[in-house]
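One-letter residues, chain by chain:
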Amino acid sequence: MLDFFTIFSKGGIVLWCFQGAGVKESFTGPVNALIRSVILQERSGSNSFTHERQSLKYKLDNEFELIFVVGFQNILTLTYVDKFIDDVQLRFRDRYKNELVQKGALMLLNNSFEFEDDFQRILREAEETSRTRSTTYMRAFQESEKSKKTVKSMIETKGGDKGKEQGGKKSKSSKKEPPAPEPAKVEKPSPPAQKAVQNGNQGLTPEEIIQKKREEFIRKHTAGPTEKPSKSPKPQKPRGKTKRVWDNGGTNTKELDYSAKNGDSPGVNDKDLDAHNDLGIQQSSMKGDLLPVDYESSEEEEVEEVVVNEASKPSSKKGGGFGGMFGMLKGLVGSKSLSQEDMEPVLEKMKEHLIAKNVAAEIASQLCDSVAKKLEGKVMGTFTTVASTVKQALQDSLVQILQPKRRVDILRDVMEAQSQRRPFVITFCGVNGVGKSTNLAKISYWLIENGFTVLIAACDTFRAGAVEQLRTHQRRLNALHPPEKHGGQPVVQLYEKGYGKDAAGIAMEAIAYARNQAFDVVLVDTAGRMQDNAPLMTALAKLIAVNMPDLVLFVGEALVGNEAVDQLVKFNQALADHSMSEKPRLIDGIVLTKFDTIDDKVGAAISMTYITGQPIVFVGTGQTYNDLRSLNARAVVGALMKA
């Protein structure tokens, strides 16, 4: 029934393994896939994993840093597997506890773990238990509680049995007759001396109560308004965001007035554009790799200091030195193993914190479950709090998620494509209004700065003004890098066929044109589309399947929360469903835009990377060509974990 069972350490040392009879395939492939896709990517929230035709169940032993994995065919329904793997874990721990305590690779390699007999005994017991489990039969009607009830007992009326006839049926006349009015209850007045009144007037006579209320009324209206005790002055709020001054914004309105100029007149556009560039649109150099995005927030640090100070005030008032000492030691864990109950309140707060920072709710829940499984059973140090341990584990998991499984080095890949005498093709896709064309122009500027020639394919044949927007970017980029400095050849050109044409055909013609004209890079701009629009998603899948670009980048904005999960899942699903090959081309990387508008709510980066498993290649941080960065995982996680 079982294909294999293996026990190995988190360092990769196989301690013991079992392979089922008749199984010829090695279990290294499924286990390595489990390690790459789940263990290393911090996705251990669920204890099951599917690889091709096999289902894998695994259990982490954090105390001894072990992993137990069982594999079987996914067409089988083995109900005993969960309990079986728990029993194997407990038996293996109990038998080899002394050997496992001696941590170290050499210690584990020198020990021999003879576990075959115990494993076979536990397996037989589990299989026999599943076979001998009594079959549950449906109860007969005579055995049910409903059979003991009569029709008469199930009919309820307000007037008791008066409205019923023999056999439990109501008479027709009883339905028409209104219910008899209940006689009014006459309460005997209690003696005034014995009357008890609420609100602190127990035992007072009515005359005394009236006198008391009269005195309260006079006191309220004759006394002056009571002043409320003044509270301690609130800390001043940090100053608001200062207005941004643009370098090319001009100093007065006359410089910004273009109404007297006609854009279609010959010889005016290029000269005006060059003159405008001389006034201050010169960009700084972007040669080499992009700078990492940095997170700076002095306001957050000030607020955090205020919160810490306010939290520390009441503790100083209560008690003396002993109170402060016991307050410091409160919540410390003294060399004990963590349990789910210990971590549950901390994880719940962490989950709410992640959701508040724009992480999708489903992703936040899975991350907390993964951290719980990672820490459950782990022995803590003496002076360590549960909250700090969980926070550190979650922070490490987030950094691991944001760090890519593979490095996307576009400059190296472009040079490799140059050696093969072909253009390097990048396709941009995403929903409407996220900044595909703007960030395409930024990436063009970065590539031009590194000495490559770029061809922009205008495959957005749907949105009005899309081609004109790219043409404007082309003119500005050529003005920043005049053809005279590059042998008389423009460094960037636009390939467009107007509107209403087939986007896949335009992309194919653009790639062929770039190959003939020896362009280094082709950037394909596509129309924005919602993930639920089936015809447009089919057209995008066709464009990618026909032209097979080297890189497919999904452009998403950093403002989205739960919507990021839906967008990426459906984009990937559409590309897989409409692909013509067995291994379809899916999203290879992410461009995260509008990163400068979200302050510390950077959760969309976690959601997008967690769903696709692909890296964030570019981060847009503004509206100029220089505002392009690479992702700094630790800076993003630091912003995410701040209170």
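Residues numbered from 1 in each chain as written. Predicted model: local features only at pLDDT ≥ 70, side-chain atom pairs only at ≥ 80, totals over all residues. Heavy atoms only, no water.

**Details of helix α17 (residues 466-480)**
Structurally, the α-helix is built with 3.6 residues per turn, so residues lying three or four positions apart point the same way.
(1) Moving on: The end-to-end C-alpha distance of α17 is 22 Å, a good match for the 21 Å that 15 residues give at a rise of 1.5 Å each.
(2) Moving on: Taken together, the buried positions of α17 are Ala466, Val467, Leu470, His473, Gln474, Leu477, Asn478, Ala479 and Leu480. (Helix = DSSP H or I, 4+ residues; strand = E, 2+ residues; numbered from the N terminus. Expected span 1.5 Å × (residues − 1). Buried < 20%, exposed > 50% of the residue type's maximum accessible area, 1.4 Å probe, protein only.)

**A closer look at the UniProt feature "domain: SRP54-type proteins GTP-binding" (unreviewed entry) in the protein chain**
(1) Moving on: Per the UniProt annotation, the sites labelled "domain: SRP54-type proteins GTP-binding" (unreviewed entry) are residues 615-628.
(2) Moving on: In the segment residues 615-628, helix accounts for 0% and strand for 43%; the C-alpha atoms at its two ends are 16 Å apart. (UniProt positions renumbered as here; feature names shortened; annotations may be inferred.)

**Looking at the nonpolar core**
(1) Moving on: Judged by nonpolar contacts, the single largest core of 115 residues is most densely connected at Ile410, Trp446, Leu447 and Phe618.
(2) Moving on: If you tally residues by element for this core, the top one is helix α14 (residues 386-402), at 8 residues.
(3) Moving on: Apart from residues lying up to four places away in sequence, Trp446 is in contact with Met286, Gly288, Leu290, Ile410, Leu411, Phe618 and Leu628.
(4) Moving on: Counting 28 residues, the second-largest nonpolar core is a separate cluster that includes Ile13, Val70, Tyr96 and Phe113. (Core = buried A, V, L, I, M, F, W, Y, C linked by side-chain atoms within 4.5 Å. Contact = heavy atoms within 4.5 Å.)

**Some details on the sheet that holds strand β4 (residues 54-61)**
(1) Moving on: What the 5 strands build is an open sheet, ordered β2-β1-β5-β4-β3; its pairing is antiparallel. Looking along the sheet, the strands with just one partner apiece sit at the ends: β2 (14-19) and β3 (48-51). Here the average twist between neighbouring strands, direction ignored, is 20°.
(2) Moving on: Pairing analysis gives 6 bridges linking strand β1 (residues 4-9) to strand β5 (residues 66-73), with the strands arranged antiparallel. Following the sheet pairing, Phe5 is matched in β5 by Val70.
(3) Moving on: Here helix α1 (residues 28-39) sits on the sheet in contact with β1, β3, β4 and β5, set at roughly 125° to β3. (Pairing = 2+ DSSP bridges. Axes fitted to C-alpha atoms, helices over the stretch in contact; angles between N-to-C directions.)

**Some remarks on the sheet that holds strand β15 (residues 628-629)**
(1) Moving on: Ordered by their spatial adjacency, 8 strands build an open sheet running β10-β9-β11-β8-β12-β13-β14-β15, and the pairing between neighbours is mixed. Unpaired on one side and paired on the other, β10 (492-495) and β15 mark the two borders of the sheet.
(2) Moving on: Here strand β12 (residues 551-557) pairs with strand β13 (residues 589-593) via 5 bridges, running parallel. Within β13, the residue paired with Leu553 across the bridge is Gly589.
(3) Moving on: Seen against the sheet, helix α15 (residues 410-419) touches β8 (424-429), β11 (521-526), β12 and β14 (616-620) and runs at an angle of roughly 135° to β8.

**Some points on a nonpolar patch on the surface**
(1) Moving on: On the surface, Met1, Ile75 and Leu76 cluster together to form a nonpolar patch covering roughly 330 Å² of accessible area.
(2) Moving on: As for its position among the elements, Ile75 is in the loop between β5 and α2 (81-95). (Patch = residues over 30% accessible without salt bridge, like charges linked within 9 Å, V, L, I, M, F, W, Y side chains within 5 Å. Areas by Shrake-Rupley, 256 points an atom, 1.4 Å probe, with all protein chains shown as cover. Salt bridge = Lys/Arg side-chain N within 4 Å of Asp/Glu carboxyl O.)

**Structural notes on a negative patch on the surface**
(1) Moving on: Taken together, the side chains of Glu341, Glu344, Glu348, Glu352 and Glu376 make up a negatively charged region of the molecular surface.
(2) Moving on: Its location among the elements puts Glu352 in helix α12 (residues 340-356). (Lys, Arg positive; Asp, Glu negative; His and termini not counted. Charge placed at Lys NZ, Arg CZ, Asp CG, Glu CD.)

**Overview of the confidence of the model for the protein chain**
(1) Moving on: Per-chain confidence: the protein chain averages 77 in pLDDT, with 74% of residues scoring 70 or above.
(2) Moving on: When the criterion is pLDDT under 50, residues 182-198 qualifies, and its contacts beyond four places in sequence or with other chains add up to 9 contacts.
(3) Moving on: For the stretch residues 263-280, pLDDT sits under 50, and the model shows 16 contacts to residues farther than four places along the chain or on other chains. (pLDDT = per-residue confidence, 0-100.)

**Concerning the environment of Ser607**
(1) Moving on: Position of Ser607 relative to the elements: it lies in helix α21 (residues 603-612).
(2) Moving on: Taking C-alpha positions, Ser607 is 8.0 Å from Asn562, a pair spaced 45 residues apart along the chain.
(3) Moving on: When neighbours within four sequence positions are excluded, Ser607 is seen to be in contact with Asn358, Val359, Ala360, Ile363 and Val565.

**A look at α1**
(1) Moving on: Residues Pro30, Val31, Ala33, Leu34 and Val38 constitute the buried set of α1. With its buried residues spanning 160° around the axis, α1 presents them on a single face.
(2) Moving on: On its buried side, α1 packs onto β1, β3, β4 and β5. (Arc of directions from axis to C-beta.)

**Focus on the pattern of salt bridges**
(1) Moving on: Tallied over the entire structure, the rule returns 18 salt bridges.
(2) Moving on: The salt bridge partner of Asp87 is Lys83, with a shortest N-O separation of 3.0 Å. Within this pair, Asp87 and its partner Lys83 are both found in helix α2, separated by 4 residues, close to a single helical turn.
(3) Moving on: Note on Asp87: relative accessible area 26%, which makes it partly exposed.
(4) Moving on: Between Asp550 and Arg422 there is a salt bridge, with its nearest N and O atoms 3.1 Å apart. In this pair, Asp550 sits in the loop between α19 (534-547) and β12 while Arg422 sits in the loop between α15 and β8, placing the two residues 128 residues apart along the sequence.
(5) Moving on: Overall, the relative accessible area of 27% leaves Asp550 in the partly exposed class.
(6) Moving on: A cluster of three or more residues bridged by salt bridges with shared partners is formed by Arg91, Arg95 and Asp118.

**Some remarks on the packing of helix α18 (residues 503-516) against α19**
(1) Moving on: Where α18 meets α19, the closest approach of the two axes is 8 Å, and the angle between their N-to-C directions is 30°. Viewed along their axes, α18 and α19 adopt a mutual orientation that is roughly parallel. In this structure, α18 crosses over α19, and the sense of that crossing is right-handed. On the side of α18, the interface is formed by Ala503, Ala504, Ala507, Met508 and Ile511, while α19 contributes Lys542, Leu543, Val546 and Asn547.
(2) Moving on: Looking at the contact of α18 with α19 residue by residue, the class counts come to 7 nonpolar, 1 polar and 1 charged. (Parallel < 35°, antiparallel > 145°, perpendicular 65-115°, else oblique. Left-handed = near helix turned anticlockwise from the far one by under 90°. Nonpolar A, V, L, I, M, F, W, Y, C, P; charged D, E, K, R; others polar.)

**Topic: the packing of aromatic side chains**
(1) Moving on: As enumerated under the stated definition, the model contains 19 aromatic pairs in all.
(2) Moving on: When the centroid spacing of 5.8 Å and the interplanar angle of 80° are considered together, the rings of Phe5 and Phe84 count as edge-to-face. A residue pair is termed long-range when its members are at least 10 positions apart, and Phe5 in strand β1 and Phe84 in helix α2 qualify at 79 residues.
(3) Moving on: Given a relative accessible area of 1%, Phe84 falls into the buried group.
(4) Moving on: These aromatic residues form a ring-pair network of at least three members: Phe5, Trp16, Phe18, Phe68, Tyr80, Phe84, Phe92, Tyr96, Phe113, Phe115 and Phe119. (Phe/Tyr/Trp six-rings, centres within 6.5 Å; stacked < 30°, edge-to-face > 60°.)

**Observations regarding the pairing of β2**
(1) Moving on: Strand direction decides the pairing type here: β1 and β2, joined by 5 bridges, are antiparallel. For Ile7, the partnering residue across the bridge sits in β2 and is Trp16.
(2) Moving on: Between the antiparallel neighbours β1 and β2 lie 4 residues, among them Gly12 with a positive phi of about 100°.

**Quick word on the packing of α12 against α14**
How two helices sit against one another is set out by the angle between their axes and by the gap between those axes.
(1) Moving on: The N-to-C vectors of α12 and α14 enclose an angle of 50°; their axes lie 10 Å apart at closest approach. The angle between α12 and α14 places the two elements in the oblique class. Of the two possible hands of crossing, α12 and α14 adopt the one that is right-handed. Residues Asp342, Met343, Val346, Leu347, Met350 and Leu354 of α12 touch α14, and the partners they reach there are Val386, Ala387, Val390, Lys391, Leu394 and Leu398.
(2) Moving on: Residues that form the contact of α12 with α14 fall into these classes: 10 nonpolar, no polar and 2 charged.

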